[in-house]
Amino acid sequence: MEINFVDLRAQYLSIKEDIDRAIAEVFTNSAYILGPSVKRFEEAFAEYCACREAVAVNSGTSALLLALKALGIGPGDEVITAANTFIATVAAIIEAGATPVLIDADPVTRLIDINRIEAAVTEKTRVIMPVHLYGLMADMDQINAIAERHDLLVLEDSAQAHGARLKDRPAGSYGIAGAFSFYPAKNLGAFGEAGAIVTSDHALARKIRRLRDHGSERKYFHDLFGYNARMDGIQGAVLGVKLRHLDAWNRRRNRIAAKYREELSGLPVTLPPELKHFYQVYHLFVIESDMRNELQQFLSRNGIPTLIHYPIPVHQQKAYTEAGMARNSFPVTEKLAQTILSLPMYPELRSDQIKYISGKIREFFGEEYQDTLVTEN
Ligand SMILES: *Cc1c(COP(=O)(O)O)cnc(C)c1O
């Protein structure tokens, strides 16, 4: 049985006609950068995120960077964020000139440990940047309460959480702004690099719009230092079509997650947490096992691709150690890096494939697992 980790081709084929027509329209009107397709997508995505505005940019990393810059964050400022995250979260803070202050993961949610945030606040702290990793939102009610007590801004790294909700409010709508990535394999993926910032603060949106286009609102008038971070017209066209399917795709991810839970119950693996009031969108289905490496190799021998998100924590990456972050120790994040395993997860994954994957995991714990226990004794 052929199994992919994600299957972008299957998704394209399922909506090919609409996608091809939308792309052809970009070619016909030659609006290759920004233009009407991007504007329409911005309006639809803002509404989807229950925000007044969305600003389309050229990647999720740019979305984080431009949001920080527009909030006036720079040298001397501290930004509190999660140690268990993708490198881009921390890279954007450093690129803005600010100092990242990492917080270890909560062993249950695997997200920023909210109980450790307040102890990390100093007089230099300006922003809390929670990361809604794997499609599960951080508890934004608690984070907003902490931010209010200390007069801090909240920027949500929502790159893995398009459509995730906490009590019916979507990711990106809790903070002053939310940053999204449309990297092809994300829940909402472009056909190349793309990202967006959502916010209900008009002045902030206006500033981000200027920052993405060399600091100018009017061509050749530059009131700010800025960047070239504009979204391509083709990406706007693709995303506009795909956004209409996002809720259905997220529902399918939820059904797949439920099936995995059923098939994997009783095994010595930790499944993703299920939390009341949180609607997860399972960007990844991440299990934990003390025998992760052996399990991964066994699955690979059986034609099942898996990945580790992420194998080396940010503070242990070469460039970041050299920047002084190695002084930190984050035991939960470090342990997760040794035990986590992401199983295939995408809306088109079929029941028979989930059964096959789960069956092989059962087999591993039935035979190989028992063997290793015997040899260890
Ligand atoms: C993907 C991702 C980003 C960066 O997005 P790009 O579009 O790849 O620049 C940032 N943060 C997290 C948590 C991500 O998963």
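Throughout, residues of each chain are indexed from 1 in the direction in which the sequence is written. In view of the model being predicted, local features appear only for residues whose pLDDT reaches at least 70, and side-chain atom pairs are presented and counted only at 80 or more, with totals across whole chains, interfaces and linings using the full set of residues. The side-chain numbers reported here are obtained from all heavy atoms of the structure, hydrogens and water having been left aside.

A.B. asks: Looking at this model, I keep getting lost on the sheet that holds strand E4 (residues 125–129). Mind explaining?
C.D. replies: Backbone-to-backbone hydrogen bonds join strands into a sheet, with any given pair of strands oriented parallel or antiparallel. We call two strands paired when DSSP finds no fewer than two bridges between them. Put simply, DSSP marks the helices as runs of H or I at least four residues long and the strands as runs of E at least two long, and each gets a number from the N terminus on. Read across the sheet, 7 strands follow the order E1-E9-E8-E5-E4-E2-E3 without closing on themselves; strand pairing throughout is mixed. Taken across any chain shown, the strands that pair with only one partner, and hence form the sheet edges, are strand E1 (53–57) and strand E3 (99–103). For this sheet the average axis-to-axis angle between neighbouring strands, irrespective of direction, equals 25°. Summarising the sheet, strand E2 (residues 78–82) and E4 pair through 4 bridges and their orientation is parallel. When the sheet's bridge partners are listed, Thr-81 is paired in E4 with Met-129. Should any heavy atoms of two residues lie within 4.5 Å, those residues are considered in contact. Here an angle of 0 to 180 degrees is reported between the N-to-C directions of two axes, which are lines fitted to C-alpha atoms, with helices fitted over the stretch in contact. The strands touched by helix H4 (residues 60–70) are E1, E2, E4, strand E5 (153–157), strand E8 (177–181) and strand E9 (195–199); relative to E8, the strand with the most contacts, the crossing angle is about 160°. Helix H8 (residues 202–211) rests against E1, E8 and E9 of the sheet, and its axis sits at about 15° to E1.

A.B. asks: What is the right way to look at the packing of aromatic side chains in this model?
C.D. replies: Each aromatic ring pair is specified by the distance between its two centres and by the angle formed by the two planes. Each aromatic pair joins two rings of Phe, Tyr and Trp (for Trp, the six-membered one) with centres within 6.5 Å, and gets the label stacked for planes under 30 degrees apart, edge-to-face for over 60, and tilted for any other angle. Overall, the coordinates contain 12 aromatic pairs when judged by the stated rule. Relative to Tyr-48, the ring of Phe-45 lies with its centre 6.3 Å away and its plane at 10°, an arrangement referred to as stacked. Remark: Tyr-48 and Phe-45 occur in helix H3 (residues 35–48); sequence separation between them is 3 residues, near one turn of the helix. Classification of residues uses two cut-offs on accessible area relative to the type maximum, computed with a 1.4 Å probe and protein chains only: under 20% is buried, over 50% is exposed, and between them is partly exposed. With relative accessibility at 1%, the residue Phe-45 sits in the buried group. Summarising the aromatic geometry, the rings of Phe-45 and Phe-182 are spaced 5.3 Å apart at their centres and angled 80° between planes, so their arrangement reads as edge-to-face. On the criterion of sequence distance, the pair formed by Phe-45 in helix H3 and Phe-182 in the loop between E8 and E9 is long-range, its members being 137 residues apart. One exposure class covers both Phe-45 and Phe-182, and it is buried. Through a chain of ring-to-ring contacts, the aromatic side chains of Phe-41, Phe-45, Tyr-48, Phe-180 and Phe-182 assemble into a single cluster. Lysine and arginine charges are scored as sitting over a ring when NZ or CZ, respectively, is within 6 Å of the ring centre and within 35 degrees of the ring normal. A cation over an aromatic ring shows up here: Arg-169 above the ring of Tyr-174, its NZ or CZ 4.1 Å from the ring centre. Between the NZ or CZ atom of Arg-218 and the centre of the ring of Phe-221, over which it lies, the distance is 3.9 Å.

A.B. asks: Looking at this model, I keep getting lost on the domain arrangement of the protein. Mind explaining?
C.D. replies: Quoted interface sizes are often the accessible area lost when the parts come together. An automatic or database domain assignment supplies the residue ranges for each domain. For the protein, the domain assignment lists domain 1 (8–243) and domain 2 (246–369). What gets called buried area is simply the loss in accessible area from a 1.4 Å probe that two parts show on being joined, summed for both. The contact between domain 1 and domain 2 buries some 3,400 Å² in all, and 63% of this surface belongs to carbon and sulfur atoms. Broken down residue by residue, the surface that domain 1 buries against domain 2 is led by Arg-110, Tyr-134 and Asn-187, which jointly contribute 22%. The residue Glu-288 makes a salt bridge to Arg-110 at a minimum N-O spacing of 2.9 Å. Any pair of nitrogen or oxygen atoms within 3.5 Å is treated as a polar contact; in protein, a donor-acceptor pairing is required on top of that, and neighbouring residues in sequence qualify only through side-chain atoms on both sides. Taken together, the links from domain 1 to domain 2 amount to 18 residue pairs in polar contact (both at pLDDT 80 or more). Those elements giving two or more residues to the side of domain 1 that touches domain 2 turn out to be helix H1 (8–14), helix H5 (87–95), E3, strand E6 (165–166) and helix H9 (233–243). Ranked by residues supplied to the side of domain 1 that touches domain 2, first place goes to H5 with 4 residues. Taken together, the residues of the side of domain 1 that touches domain 2 break down into 26 nonpolar, 9 polar and 8 charged. Any Lys or Arg side-chain nitrogen found within 4 Å of a carboxyl oxygen on Asp or Glu counts as a salt bridge. Any residue outside Ala, Val, Leu, Ile, Met, Phe, Trp, Tyr, Cys, Pro, Asp, Glu, Lys and Arg is labelled polar, Gly included; the first ten of those are nonpolar and the last four are charged.

A.B. asks: Sorry, what's going on with the pairing of E4 here?
C.D. replies: Consecutive residues of a regular strand have side chains that alternate between opposite faces of the sheet. Extensive coverage of E4 is indicated by the burial of 4 of its 5 residues. Bridge count for E4 against E5 is 2 bridges, and the pairing is parallel. Across the sheet, the residue bridging to Val-127 is Leu-153, located in E5. After leaving E4, the chain enters helix H7 (residues 140–150) and then returns to the sheet as E5, a path that is right-handed. Here a crossover is taken to be right-handed if, once the strands point away from the viewer, the path from the first strand over the helix to the second is traced clockwise.

A.B. asks: Could you clarify how one ought to interpret the site of the ligand in this entry?
C.D. replies: Note on terminology: near, applied to a residue and a molecule or strand, indicates that one of the residue's heavy atoms is within 4 Å of it. In the region of the ligand, 14 residues are neighbours, and Gly-60, Thr-61, Gln-160, Ser-181 and Lys-186 sit closest. Gly-60 has a polar backbone atom sitting 2.8 Å from an oxygen atom of the ligand. A distance of 2.7 Å separates an oxygen atom of the ligand from a polar side-chain atom of Ser-181. Those elements that provide at least two residues to the shell around the ligand are H4 and H5.

A.B. asks: Help me out: how do you make sense of the packing of H4 against H5 in this one?
C.D. replies: Helix-helix packing is characterised by the crossing angle of the two axes and by the distance between the axes. The geometry of H4 relative to H5 is characterised by a closest axis approach of 9 Å and an angle of 40° between their N-to-C directions. In the packing of H4 onto H5, the handedness of the crossing is right-handed. Across the interface between the two elements, Thr-61, Leu-64, Leu-65 and Leu-68 of H4 pack against Ala-88, Thr-89, Ala-92, Ile-93 and Glu-95 of H5. The crossing is said to be left-handed when, going from far helix to near helix, the turn is anticlockwise and less than a right angle, and right-handed when the turn is clockwise.

A.B. asks: Honestly, the pattern of salt bridges in this entry has me stumped. Any pointers?
C.D. replies: For side chains bearing opposite charge, pairing can occur when the charged atoms are close. In the structure shown here, the tally under the stated rule is 21 salt bridges. Among the salt bridges present, the one from Glu-118 reaches Arg-149, with a minimum N-O distance of 3.0 Å. In this pair, Glu-118 sits in helix H6 (residues 117–120) while Arg-149 sits in helix H7, placing the two residues 31 residues apart along the sequence. Owing to a relative accessible area of 33%, Glu-118 belongs among the partly exposed residues under this scheme. Classification of Arg-149 as exposed rests on a relative accessible area of 55%.

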